[in-house]
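# Coordinate analysis (summary)
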Amino acid sequence: MEKTVNHKAWFLVLPVLVLVAFSAVIPLMTVVNYAFQDTFGNNVFFWHGLGWFEELLASDRMWNALWRQLAFSGIILAIEIPLGVLVALNMPKRGVWASVVLVLMSLPLLIPWNVVGTIWQIFGRVDIGLLGYTLNSLGISYNYTQNPAHAWATVIVMDVWHWTSLVALLAYAGLQSIPDAYYQAAKIDQASRWKVFRYIELPKMAGVLMIAVLLRFMDSFMIYTEPFVVTGGGPGNATTFLSIDLVKMALGQFDLGPAAAFSLMYFLVILLISWVFYTVMTNLDKRG
Amino acid sequence: MSWMAWTQPTAIFFIIIALLLVTFTVLAIRFPETPRRGVLGIETTRGDRLFITLLGSAFINLAWLGVMGAAMQPWALLICLVYAAAVFRWV
């Protein structure tokens, strides 16, 4: 049967468009609008042109936060993706234990961000925290409130603790979709464990792993609550990531103009990287 | 709308973006096309190329502002136009 083309059906999505415009598009446009203005309160605004963008681009503050953010996302991806795959490879494939492990693995994902932050904030404390107290008792000097390296280590381990299971679950789903015939063929060819992984499991997991990378990148690039609860961006500015810096600027100092300009640049970077990931993903699918 | 502090330049900016979107939607309906593969090695439609142009232009403008300063900003638009032409021709 010939399909009729009727573009009038597009009008049916109009209510959604209005809703999205009201809750997302117009607020975003407002941010763009504020980025070019200055205010001293009382809802009185003055045109400031490109001033805020120029100031931010020349200041170390935004660049430092951006490098910290990129470093953080890079490090957690470099740990979580291989670790998640390793965990998935060792998870039981069927039986009661498969279900038990699945439930256990999904537990960290159910804990709200601020609770994870609080857990680690207390866990790492030198006076009452299990981790902090034990490490110091063993003679290892550890204090995440004073030492930037320790603060970084704490925030990274916390993120790995919270999110590796997401990668593991996604990789596990990818592994489960591989038919047994592939493994049997590999066995007949006397393929080594590494070759099975390299030529069967990894290519079959590539799609879900790309999704895992995209999800983890996006989430870690926008991370706010966990490091804010644990370190508050400190010591000094050592763990002040982009969103923490942005909130300091927008709500702490109430600098609407610079914060709006900052948000836009932040948004553009996220948009660019997400587009790259999305394009790579869809092209992998097409070749696939 | 004064309580939202809208200004003429931002209004013009958004009107141009909206007009571009409408134009490309009409073009897509009137003259359907098949995606093509360009220098990036990815399949793109006219809409994709518009997105690449707009996103790239934002970065070109920021880079120009960072390097040359606000006084020279109009010249960035010229580079963006060349960039847009290149994207639509080769990507």
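Just so we're clear, the structure is a prediction, and the values are computed from it rather than from any experiment.

Calculation rules
- Residues numbered from 1 in each chain as written.
- Chains lettered and ligands numbered in written order.
- Predicted model: local features only at pLDDT ≥ 70, side-chain atom pairs only at ≥ 80, totals over all residues.
- Heavy atoms only, no water.
- Buried < 20%, exposed > 50% of the residue type's maximum accessible area, 1.4 Å probe, protein only.
- Helix = DSSP H or I, 4+ residues; strand = E, 2+ residues; numbered from the N terminus.
- Arc of directions from axis to C-beta.
- Contact = heavy atoms within 4.5 Å.
- Buried area = accessible area lost by both parts, 1.4 Å probe.
- Salt bridge = Lys/Arg side-chain N within 4 Å of Asp/Glu carboxyl O.
- Polar contact = N/O pair within 3.5 Å; in protein donor to acceptor, adjacent residues only side chain to side chain.
- Domains from an automatic or database assignment.
- Nonpolar A, V, L, I, M, F, W, Y, C, P; charged D, E, K, R; others polar.

## Details of helix H5 (residues 113–123) of chain A
Residues and elements named next belong to chain A. Regarding H5, the residues found buried are Val116, Gly117 and Trp120. Each buried residue of H5 lies within a common arc of 100 degrees when the element is viewed along its axis, so the set occupies one face. Looking at the packing, one finds that the buried side of H5 touches helix H6 (130–137), helix H7 (148–176) and helix H10 (225–230).

## Some thoughts on the interface of chain A and chain B
How big an interface is tends to be stated in terms of accessible area lost as the parts join. The interface of chain A with chain B comprises 26 residues on the first partner and 25 residues on the second. Carbon and sulfur atoms make up 78% of the area that chain A and chain B hide from each other, which totals about 2200 Å². Among the residues chain A hides against chain B, the three largest losses belong to Asn33, Leu268 and Trp275 of chain A. Together they make up 23% of the total. Linking chain A with chain B are 0 salt bridges. Run the count over chain A and chain B and you get 6 residue pairs in polar contact (both at pLDDT 80 or more). Every element with two or more residues in the side of chain A that touches chain B is listed here: helix H1 (14–34), strand S2 (45–47), helix H2 (51–58) and helix H12 (256–287) of chain A. Considering each element in turn, the side of chain A that touches chain B owes the most residues, 10 residues, to H12 of chain A.

## Observations concerning the domain arrangement of chain B
Residue and element names in this part refer to chain B. According to the domain assignment, chain B consists of domain 1 (1–32) and domain 2 (36–91). With 7 residues of domain 1 in contact, the opposing surface of domain 2 contributes 4 residues. The contact between domain 1 and domain 2 buries some 460 Å² in all, and 80% of this surface belongs to carbon and sulfur atoms. Here domain 1 is connected to domain 2 by 2 residue pairs in polar contact (both at pLDDT 80 or more). Residue composition of the side of domain 1 that touches domain 2, by class: 7 nonpolar, no polar and no charged.

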